[in-house]
Structures are given as structure tokens and as C-alpha cells.
Protein chains: 2
Amino acid sequence: MGLKIVSIKSSFPYKSENLNSEKYKKIIKATGINKRYVSSEKENVISLSIKSAKKVLNSKLKNRISFLLFVSQTSPYKFPSISCILQNELKLPKDIYAVDINMGCSGYIYALKLARSLENLNNNRKYGLIICSDTYTKYIEKNNNSCEPIFSDASTATLLKISKKNQFQAFDFGVDGSGYRSLILTENSKNMFMDGAKVAIFTIKEIPQFIKKFLFKNKLSAKNVKYIALHQASKYVCDKIKEKLKFKNSYFLENYKKYGNTVSSTIPLLLKDCIDKKKLKKNNIIIACGFGVGLSWGIVKIKW
Amino acid sequence: MGLKIVSIKSSFPYKSENLNSEKYKKIIKATGINKRYVSSEKENVISLSIKSAKKVLNSKLKNRISFLLFVSQTSPYKFPSISCILQNELKLPKDIYAVDINMGCSGYIYALKLARSLENLNNNRKYGLIICSDTYTKYIEKNNNSCEPIFSDASTATLLKISKKNQFQAFDFGVDGSGYRSLILTENSKNMFMDGAKVAIFTIKEIPQFIKKFLFKNKLSAKNVKYIALHQASKYVCDKIKEKLKFKNSYFLENYKKYGNTVSSTIPLLLKDCIDKKKLKKNNIIIACGFGVGLSWGIVKIKW
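Basis of the calculations
- Residues numbered from 1 in each chain as written.
- Chains lettered and ligands numbered in written order.
- Predicted model: local features only at pLDDT ≥ 70, side-chain atom pairs only at ≥ 80, totals over all residues.
- Helix = DSSP H or I, 4+ residues; strand = E, 2+ residues; numbered from the N terminus.
- Rg over C-alpha atoms; globule rule 2.2 N^0.38 Å.
- Contact = placed C-beta atoms within 7 Å.
- Buried ≥ 20, exposed ≤ 12 C-beta atoms within 10 Å, placed from the backbone.
- Arc of directions from axis to C-beta.
- pLDDT = per-residue confidence, 0-100.
- Core = buried A, V, L, I, M, F, W, Y, C linked by C-beta atoms within 7 Å.
- Nonpolar A, V, L, I, M, F, W, Y, C, P; charged D, E, K, R; others polar.
- Pairing = 2+ DSSP bridges.
- Domains from an automatic or database assignment.
- Least-squares fit on C-alpha atoms with pLDDT ≥ 70 in both.
- Axes fitted to C-alpha atoms, helices over the stretch in contact; angles between N-to-C directions.

### Some thoughts on the overall build of chain A
A tally of helices and strands in chain A yields nine helices and 14 strands. By the compact-globule yardstick of 19 Å for 304 residues, chain A fits well, its C-alpha radius of gyration being 18 Å. In terms of overall dimensions, chain A has C-alpha extents of about 55 × 50 × 35 Å along its principal axes. Nonlocal contacts in chain A, meaning residues at least 24 apart in sequence, comprise 78% of its contacts between residues at least 6 apart.

See below:
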């Protein structure tokens, strides 16, 4: 058995902010991020996720959901898990498998891997959900100049179907906790910390190598890959990875200009745009690679 | 391929508290919990988990670890995930799969299921870790009489081996988010809330039925089951489930008296005691069932 993507939908906070101020003039050149979405006090990962999930579900599909993986690092609760709250809010069956996964920029890839163990749940239903949502802006105070012009709030819902065809054909993962302090939010703190330079240096050193190794191992090259979906950390980081990979620009999907760095949602948003614009044909190969907070990274080969 | 348990080890905070005071005289009759372990300011889920993990690992095994699932609801950080920090602290290889799972009393069962998708990671290593740790006592203030005499801090490390033999033969899961407010801790709060009566009523109504259904579906009965490992919520809850299941007392593993309700660690602690006392023989069948916060529940058939 395998898994395939049926649809991906998104939701954003009502309010977006233009970053084109004098304060950030210089930094925008490097980040490429012109605006960010900022959740209000009334919006959080729960409300955003209900919105995105409702877009992929109808009353018939709700009763056919078998599992729900919720990827987030910005829950308003320490417990219970948001996946439980979403079960009730979305009126999903009670005999589903539902957990929260605390993982950021690489979280979508980690969740896709876990979803593969849930294909054979005993409840005989054929659909599963991966919901990603982060609201980092809630933990960025006004003077936090390294985070404010980067992070943006969003939610995405990916509806998966358990099927004979399996789109997710190879995975690789990595973790390096020695860098855990370079992107951190202590409980009770309202102001996250990012050592942007440290994270960027690490990423630019490790991630291109990691991708190259994966491509080699799986016999992938510019000839048989259609698109590369990198986590949208910033223009600077994505450009540096591109340079080192030596694939033409046209291979790289991009959304940082439009949405900012939406943490766990950047990759599903890239895939969503592809689907919406009908850019994907049968057997197209997409390489999706997430990396960041942890530090942690993951890569998947998707055969459409 | 399959998974089997190699060893389980635990660690507790240095300090334990006797609950046998006049204040809790009446409640101890119902809970059966005489003492609880209370983490100090210097102890947290990270330090406890390093201790328990080091007990199952040696320098050779460290290099053969393929994945690390960390189950907790009481991390001192919103991000990064503790599994990343543990990778570094335990000196595990960098190309492991590591995530945090936010799930409480049923979390161990949920993690065992996820571990099944990690058998075929490409890193060719044969061992995996599930580390559970919760320090609920950090979020219980002195006047919190419904939580103080129940919850206790601990960590357990379960070393799993990827093998032809598979011990985890059947699973079932459930979630009911309509009860999410009955056991809750809001971010920034230092005092968790539990509506003990509500959780108990729900558990006593749903869990025996859930277990019975699982036993029937998997053709299990007093004849072929050796032990039942219930989440150690309290004496009252465990006794009520026992009554309804109509298995003799000798089937039920127990540790609430000794350790209190250690949330995600109750079930691995029950299994650990069984292993330590050499109570398990080849082909013995153990049914382990977790339930609680979420509300959420899960059950597994383990064939030793």
C-alpha cells in the first residue's frame, strides 16, 4: 500500500503587514520577503487549521478520515494536543489516530514519513490529514529585528489517500541538536530568539550536500526531476542552496515573496501552488526538502 | 520486518513526597497513590530523559540508533524539539529520524505505532528509541487538590530493535476532543486543571468497551492473554476498568502505589517491572492500554 496527495488547501490570518519600511529596507534585499501574515489575538493555530482543513473536507470525506497528524510548535496549550481538539471541531470519527508533532521547518517531511505507518490502521478508512500550522509572529516582539521580517503565520491541510500508488518513494532525515540554541523559544517567553547568521551558515553548509547525496542515491538529476521545493527560509538561503546544487532556476518552486517564511507550511504551500496552477503531470518527480529549527532536516522524493 | 523491545529503563527525580498527610487521607483511599516524585528546578524532561536513555545505551549501541521518538507534554521549550537536543546530548548519529510527539497518558502506544513506519529508514541501523518523560508536578500549585495527589514525574527509555520478529501485532486508537477542557494546561500557566470526575466517568464508560472490542476482534481472552497493562490513572479508575473486564486480578500489572501517575511513562514502567522480574516468557501476550488527556486512548497487543 501507499499514500498519495488528494488536495492541499491553506489559510492565512486576516491581517498582513507590508515590510517595505525604511527600517527593513536593507534586510528585505537579503530575505526577499515583502510582507508577512500576522495572527490577531483571536486567531491561533487552531482557528487557522479549522479553516484550512474545512477546505479539503466535505461531509462525506470527514467520515472516511483514518488519521490526523498536526505539525506545529506554537500551540496555545501545553496540553491537550491540538489534533484532539481538531477531531471534535471538524467532526471527525472518534476512532481515528491523532497526534501532534512538534517540529518546524522540516515538520511536513517528518509527518509524511510517519503517515506511512498509518496506512494499515484497522478502521478501514482510506483518507488521512496532515495539518501544519505555526504562528511564530505571536512570539516576536517589536524590537526583534532578526525574526520580525522573516516569519509569517499560516496553516495548510493536506488530504492524503491510502492507495496502491505510492507518491512518497524515498526519504532521508537528519538532526543536529548541537545547534538547538540558535532558534529557540523558552516556555513562558513571548520573544523567540534566532541567531540568523548561525542558522544560515549551517544550512548553506549542510543542506546542499544532503540534497546532492539524496539525488545521487536515488539516481535523480536535472534530467528526471521536475521541481525542487525547498523550505522557504529566505531569498538569501534559497539562492545559496540553488547555487550549490547547480540546477537551473526553473526547477525551484518559490513563495517567500508572497507568504514569508511560514515555518511548517512553506513546503505544502509550494505544492499547493503547483497543483492550483496545474503544473504537475503524472510521473513528475518533485524533491521537497525542509530544514531549520532543531536543527533538523528532511527530504522526500514525490512521484506525482 | 517488525519491531521488538530490547530493554526499558527509567529515571525519577531525586525528591519524592509522601502523600500520607491528613489533607489527602480520604483521597488516597481512592487514588491508591502514596507518594509522588517531584522534579526540582534543576531537573526537567531533558535531564530525566538523558538519565533513562543512558541506561539503555552503550557506546556501540549509540552508533546503531536509527530513530528517536520523544513523547512529552511538558517541555521547557516551545521549540526546538527535545528529540533534537537529546540527539546531541546522547551523541547519537546525525542522520537519525527524531521528532517530539505531544501526547500524554496514551502517548507510548501512539509512539509504538509510529515506530512501525521507521523500520525501513535508509540508514541501515537496527535500533530505535522511544523516550517518554513528563513533569506535570511543575504545573501543579499548592492549592491544586485534584492534581497534586495524582501526578508524579518520571522518564522511561525503551530500546527497540528492528527484527524479523514483530512484537506489536495489533493496534487500535481513539480520540474525543469534546472533552479537551477536562485536562488542560494553557501556555504560560503554572497551574494545570483537571476535572477528575469528568475524566474518570468518561474513562470508565469508554475504555472497558474499547478493550473488550479489541480483545474480541483479535480473538483474545483470559485463556491466551498473560498480562494487561492499564495506564495507571489511579486505583479507582483501574479498579473500575478491572471490574468491567472480568479478568482476575492477577492479570493486571500495577505500579500506581509505587510511582504515582507518571503520565506517558506508566505503561513502559509496567513493562520494565515485568522484564526486571523475569515475568515474561516467549509468546506471552500482553495487552497495553493508555487513556487520558485529549481525550485520547490507544491499545496494543504485544507478543513477547
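### Considering helix 7 (residues 235-245) of chain B
Residues and elements named next belong to chain B. The complete set of buried residues in helix 7 reads Val 237, Cys 238 and Ile 241. Projected down its long axis, helix 7 carries its buried residues within an arc of 95°, all on one side. Remark: Lys 246 follows helix 7 within two positions and exhibits a positive phi of approximately 55°.

### Quick look at the confidence of the model for chain A
Across chain A, the average pLDDT comes to 95, with 100% of residues at 70 or higher. Listed scores for the predicted complex are pTM 0.97 and ipTM 0.97.

### Here we look at the nonpolar core
The biggest cluster of nonpolar side chains holds 196 residues, and the ones touching the most others in it are Leu68(A), Leu69(A), Ile130(A), Leu68(B), Leu69(B) and Ile130(B). Ignoring any residue separated from it by four or fewer positions in sequence, one finds Leu68(A) in contact with Ser83(A), Leu86(A), Gln87(A), Leu92(A), Ile96(A), Ala98(A), Leu129(A) and Ile131(A).

### Points about the interface of chain A and chain B
Counting from both sides, the interface comprises 49 residues of chain A and, opposite them, 49 residues of chain B. Secondary structure elements with two or more residues in the side of chain A that touches chain B: strand 5 (77-79), helix 4 (82-89), strand 6 (97-102), helix 5 (107-115), strand 9 (168-175) and strand 10 (183-186) of chain A. Looking at side-chain class alone, the side of chain A that touches chain B contains 23 nonpolar, 16 polar and 10 charged residues.

### Some points on the sheet that holds strand 10 (residues 183-186) of chain B
In spatial order, the strands read 5(A)-10(B)-11(B); together these three strands make up an open sheet with antiparallel pairing. Single-partner strands in this sheet number two, and they are strand 5 of chain A together with strand 11 (193-194) of chain B. Inspection of the sheet shows strand 5 of chain A paired to strand 10 of chain B by two bridges, in the antiparallel sense. Across the sheet, residue Phe79(A) finds its bridge partner in strand 10 of chain B, namely Leu185(B).

### Description of the domain arrangement of chain A
Residue and element names in this part refer to chain A. Partitioning chain A into structural domains gives domain 1 (2-163) and domain 2 (168-303). Each of domain 1 and domain 2 has a C-alpha centre, and the two are 17 Å apart. Contacts between domain 1 and domain 2 engage 42 residues on the former and 38 residues on the latter. Put simply, the parts of the chain that give the side of domain 1 that touches domain 2 at least two residues each are strand 1 (2-11), helix 1 (25-31), strand 3 (35-38), helix 5, strand 7 (127-134) and strand 8 (154-163).

### So, the relation of the copies chain A and chain B
Superposition of chain A onto chain B requires a rotation of 180° combined with a translation of 0.0 Å along the rotation axis, giving an RMSD of 0.0 Å. Such a turn and shift between the copies fits a two-fold axis. A share of 100% of the interface residues of chain A reappears at the interface of chain B, consistent with the copies meeting face to face through the same patch.

### Here's the deal with the sheet that holds strand 13 (residues 285-292) of chain B
Residue and element names in this part refer to chain B. Taken in spatial order, the four strands of this open sheet run 9-14-13-12, and their pairing is mixed. Lying at the two open borders of the sheet, with one neighbouring strand each, are strand 9 (168-175) and strand 12 (227-230). For this sheet, the mean angle separating the axes of adjacent strands, direction not counted, is 10°. Two elements, strand 13 and strand 14 (residues 296-303), share eight bridges in a ladder whose sense is antiparallel. Looking at the pairing, Ala 288 lines up with Val 300 of strand 14. Where helix 9 (residues 266-276) meets the sheet, its contacts fall on strand 12 and strand 13, and the angle it forms with strand 12 comes to roughly 145°.

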